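# Analysis of the macromolecular model
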Amino acid sequence: MIGSTLKADFLADQKKFQRVRTAISEKEAVVKEKLNSENIKHDELEILITVFKQEKQLEIYAKNKNDLEYKKVVSYEICQSSGELGPKRMEGDGQVPEGFYFIEKFNPVSNFYLSLGINYPNESDRKFGTGRLGGDIFIHGNCVTIGCVPMTDEIIKEIYLYALFAKNNGQERIKAYFFPFRMNDESMTKYKEEYKANTSLIIFWMNLKLGYDKFIKNKRELKVSVDNKGRYIFN
């Protein structure tokens, strides 16, 4: 009973904000239709987000609570970019992070319309980074960015609703996997050659590819930990 109250309070609190009410009014039917087409119920929804920097795509994977495997339900274009391929390692570098994160903030009154904050820097980032690492990395609207993932306001309304429904259903950590590019074998061969002078970056990408391959094969949430050198471990 306590859990139900907490969930209801979260949704009710979000509905206090005009932009959330607008998103629900304009996009709820669109989101539900996409979920229904995959036999996913919005009141049992859990989601997972993937971001591909080079391709400028953000994808929403979804499932019912009791399902094991996610299904890709929609792919959106990221409307601007900053920085270059490679992880974020310091404040002010303009880089979009690369790695395995989760959504930790819902901001219904963002300067960028609506926004979802990720938990950058994570444990791996802190192991690799030096000095001030920065923070405040968001998936947001307004189609402008320095180091974030910007969408149009129309699209962020939908993304925010997917996350809102999932959070309201009790999904505490909505995972967000940030990749430099689609890490299939062909792309890896291409970028390993292009960045061959940067050995440490190639090693980092090979580590990310382990998680990429496992998720693409199984479509299941990854169990991720970080070793004492900052490398991701996929259990």
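Structure: above.
Residues numbered from 1 in each chain as written. Predicted model: local features only at pLDDT ≥ 70, side-chain atom pairs only at ≥ 80, totals over all residues. Heavy atoms only, no water.

## Observations concerning the sheet that holds strand β1 (residues 45-52)
Definition in use: Pairing between two strands requires that DSSP report at least two bridges joining them. For the purposes of this entry, the term helix denotes a DSSP run of H or I that reaches at least four residues, the term strand denotes a run of E that reaches at least two, and both are numbered from the N terminus. Contacts are assigned to residue pairs that have any heavy atoms within 4.5 Å of one another. Here an angle of 0 to 180 degrees is reported between the N-to-C directions of two axes, which are lines fitted to C-alpha atoms, with helices fitted over the stretch in contact.
Spatially, the 8 strands line up as an open sheet ordered β3-β2-β1-β8-β4-β5-β6-β7, and their pairing is mixed. This sheet does not close on itself; its edge strands, each paired only once, are β3 (71-77) and β7 (149-150). With 6 bridges connecting them, strand β2 (residues 57-64) and β3 associate as antiparallel partners. Its bridge partner lying in β3, L58 is registered against Y76. Contacts from helix α2 (residues 18-36) reach β1, β2, β3, β4 (99-110) and β5 (113-118), with the element oriented near 70° to β5. Its contacts with the sheet put helix α4 (residues 153-168) on β1, β2, β3, β4, β5, β6 (138-140) and β8 (174-179), and the angle it makes with β5 is roughly 50°.

## With respect to helix α5 (residues 185-194)
Filter applied, for reference: Type-normalised accessible area, obtained with a 1.4 Å probe on protein chains alone, sets the label of each residue: buried when under 20%, exposed when over 50%, and partly exposed for intermediate values. This arc is built from the directions going out from the helix axis to the C-beta atoms.
Every buried residue belonging to α5 is among S187, M188 and Y191, and all of these are buried. The arc that holds every buried residue of α5, seen down its axis, measures 100°, which confines them to one face. Structural note: α5 exposes D185, E186 and T189 on the side pointing more than 90 degrees away from its buried face. Contacts from the buried residues of α5 go to α6 (199-218).

## Section: the state of the cysteines
Let me state the cut-off plainly: Defined by distance alone, a disulfide is two cysteine sulfur atoms within 2.5 Å.
Applying the stated criterion across every chain, the model contains 1 disulfide. Sulfur-sulfur distance for the disulfide between C79 and C143 comes to 2.2 Å. In this pair, C79 is assigned in the loop between β3 and β4 and C143 in the loop between β6 and β7, connecting sequence segments 64 residues apart. Residue class for C79 comes out buried when judged on its relative accessible area of 17%.

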